[in-house]
Amino acid sequence: MRDINISEITGVVKKLCLDTNFVLPEDVWKKLREAQATEESPAGKDVLKQIIENDTIAEKEKIPMCQDTGLAVVFVEVGQEVHITGGDLTDAINQGVREGYTEGYLRKSVVADPLRRKNTGDNTPAVIHTEIVSGDKLKISVIPKGGGSENMGSLAMLPPSAGVEGVKKFVVDAVKKAGSNPCPPIVVGVGIGGTFDGVALLAKRSLLRPLDSVHPDSYYAGLEKELLKEINNIGIGPQGLGGRVTALAVLIETYPCHITAIPVAVNIQCHACRRKTFII
Amino acid sequence: MSTKKISAPFDEKTVADLKSGDSVLITGTIYTARDAAHKCLTELIEQKKSLPFELRGAVVYYVGPSPEKPGQVIGSAGPTTSYRMDAYSTLLMQHGLKGMIGKGKRSPAVIDAMKNYRAVYLAATGGAGALLSKCIKKSEIIAFEELGPEAVRRLEVENFPAIVINDIHGNDLYDEGIKKYAR
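These remarks concern the structure in this document. All figures in this text were calculated on a predicted structure; none of them were measured in a lab.

Rules and cut-offs
- Residues numbered from 1 in each chain as written.
- Chains lettered and ligands numbered in written order.
- Predicted model: local features only at pLDDT ≥ 70, side-chain atom pairs only at ≥ 80, totals over all residues.
- Heavy atoms only, no water.
- Salt bridge = Lys/Arg side-chain N within 4 Å of Asp/Glu carboxyl O.
- Helix = DSSP H or I, 4+ residues; strand = E, 2+ residues; numbered from the N terminus.
- Buried < 20%, exposed > 50% of the residue type's maximum accessible area, 1.4 Å probe, protein only.
- Contact = heavy atoms within 4.5 Å.
- Polar contact = N/O pair within 3.5 Å; in protein donor to acceptor, adjacent residues only side chain to side chain.
- Buried area = accessible area lost by both parts, 1.4 Å probe.
- Nonpolar A, V, L, I, M, F, W, Y, C, P; charged D, E, K, R; others polar.
- Pairing = 2+ DSSP bridges.
- Axes fitted to C-alpha atoms, helices over the stretch in contact; angles between N-to-C directions.

A few points about the pattern of salt bridges
Summed over all chains, the structure comprises 37 salt bridges over all chains. Ionic pairing is found between K204 of chain A and E150 of chain A, a salt bridge with its closest N-O pair at 2.8 Å. You can see K204 of chain A sitting in helix 7 (residues 196-206) and its partner E150 of chain A sitting in helix 5 (residues 147-150), a full 54 residues away along the chain. The class for K204 of chain A is buried, based on a relative accessible area of 8%. For D172 of chain B, the salt bridge is made with K105 of chain B, and the minimal N-O distance between the two is 2.7 Å. Remark: K105 of chain B occurs in the loop between strand 4 (99-102) and helix 4 (108-117) and D172 of chain B occurs in the loop between strand 7 (152-166) and helix 6 (173-181); sequence separation between them is 67 residues. Members of the salt-bridge network, linked through shared partners, are E165, K168, E226 and E230 of chain A.

Below, the structure is given as structure tokens:
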């Protein structure tokens, strides 16, 4: 067994909350620059210029790239040879979120109850997805998820007869319906398969994949390409002002499913595609 | 693209001259308000109580800024999604509101109200809060401090960039943009 003290976990989560809000990942930078080169609409080009300028200021001056610094979604892969010492894993993660959001002057955007709506004051609790894996490492990924794009997500339990065409229509319609709301250019996270609960998680987890990566299964690599083309043909464009670049990438994650259904979920991510992973 | 320089609060002429698709730079006084503040303002109007700022000609900016660091005027301050304010906007326009700044599409009812009450809706770039914060020269909380990031602030802005989405003639840049670029 390998001992990992919770103080180390707290420190890593804190740093990831800060880094993600100030520094746009390199793969997203690359896609934004490509978008600026290919966008035809003058208004769209101007928006992309503003976004690139914004993200440059954010990194240089440590100002959050977006005022919605998100609800911290934390993915944790715990190696089964790891022994966590000094306290509770969930508490350690939430302490990291608390410290990061307080010390970094990040916005506190979490209410304690969905209906009674009192702000918790420190952006906790995080939404935590824990998985036990082989090995003796602890892998932590943080995605601070803003409301504008998160609120545009959708999910369906399609019948098997809907097939790949049904899935494509559902995804494209979700993006159409979202329109200008989720701050395009967006990243479209798609979950296909699993169960009602599992498919949403697939869609969320897909957002961790680098935007310039190719899906390991050539069938889905092709589907991602087709969907990206169809989505960019809608014409929504940067910030919905009309244009060629509505999405920077489509990322699909799949899982086996029941004989009666094709679960499909779309989790939309704004252009501030903030996420970072650290392995302890 | 040509850019118009306009001042806030908006007068009748400013609003009448703005056309869907115009790029503008706004200088002057605007007020922040989002979901919770809109609810509070609506309650004050319904109870016939005085409002924390003059609504006649006012421009509201849908923003919940991140906290300012010591020495900063304001933290990151980009627009939030506007449809959540649709339920409240018509009443505010009836009481003199002339401009709204946010991002994302408005409801047909709000677009109609903009025609009836001669008001405009502008979009600022969502997710450009660090950049937009540079155009905010002064910020002061004037009401509902208990709402935290949702408190109403009076902002002094200089050359704040926005684009007109809905003008007083019922035009909608979001619809036009898609039509133009759909394949």
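Once you've had a look at it, read on.
Brief notes about the environment of K62 of chain A
Looking at where K62 of chain A falls in the secondary structure, it is placed in the loop between helix 3 (42-61) and strand 2 (71-79). According to the relative accessible area criterion, K62 of chain A is partly exposed, its value standing at 39%. Once you skip the residues sitting within four places of it in the chain, K62 of chain A turns out to touch F22 and I57 of chain A together with K69 of chain B. A polar contact is formed between the side chain of K62 of chain A and the backbone oxygen of E59 of chain A, at a distance of 3.4 Å.

So, the interface of chain B and chain A
The interface of chain B with chain A comprises 40 residues on the first partner and 41 residues on the second. A combined buried area of about 3300 Å² lies between chain B and chain A, and 56% of that area is made up of carbon and sulfur atoms. A per-residue breakdown of the area chain B buries against chain A is headed by L131, Y181 and R183 of chain B, which together make up 20% of the total. Run the count over chain B and chain A and you get 2 salt bridges. The residue E40 of chain A makes a salt bridge to R183 of chain B at a minimum N-O spacing of 3.8 Å. Summed over the shared surface of chain B and chain A, the number is 19 residue pairs in polar contact (both at pLDDT 80 or more). Contributions of two or more residues to the side of chain B that touches chain A are made by helix 5 (129-133), strand 7 and helix 6 of chain B. The element contributing the most residues to the side of chain B that touches chain A is helix 6 of chain B, with 5 residues. Looking at the side of chain B that touches chain A residue by residue, the class counts come to 20 nonpolar, 13 polar and 7 charged.

Examining the sheet that holds strand 8 (residues 247-257) of chain A
Paired through their backbone hydrogen bonds, the strands of a sheet run either parallel or antiparallel. All names here are of chain A. In space, the 4 strands of this open sheet follow the order 6-9-7-8, with mixed pairing throughout. Unpaired on one side and paired on the other, strand 6 (154-158) and strand 8 mark the two borders of the sheet. Adjacent strand axes in the sheet meet at a mean angle of 15°, parallel and antiparallel pairs treated alike. With 5 bridges connecting them, strand 6 and strand 9 (residues 262-269) associate as antiparallel partners. By the bridge assignment for strand 9, A156 is matched with V264. Packed onto the sheet, helix 6 (residues 163-178) meets strand 6, strand 7 (186-194) and strand 9 and runs at close to 30° relative to strand 9. Most of the contacts of helix 8 (residues 218-232) go to strand 8, to which it runs at about 135°, and overall it touches strand 7 and strand 8.

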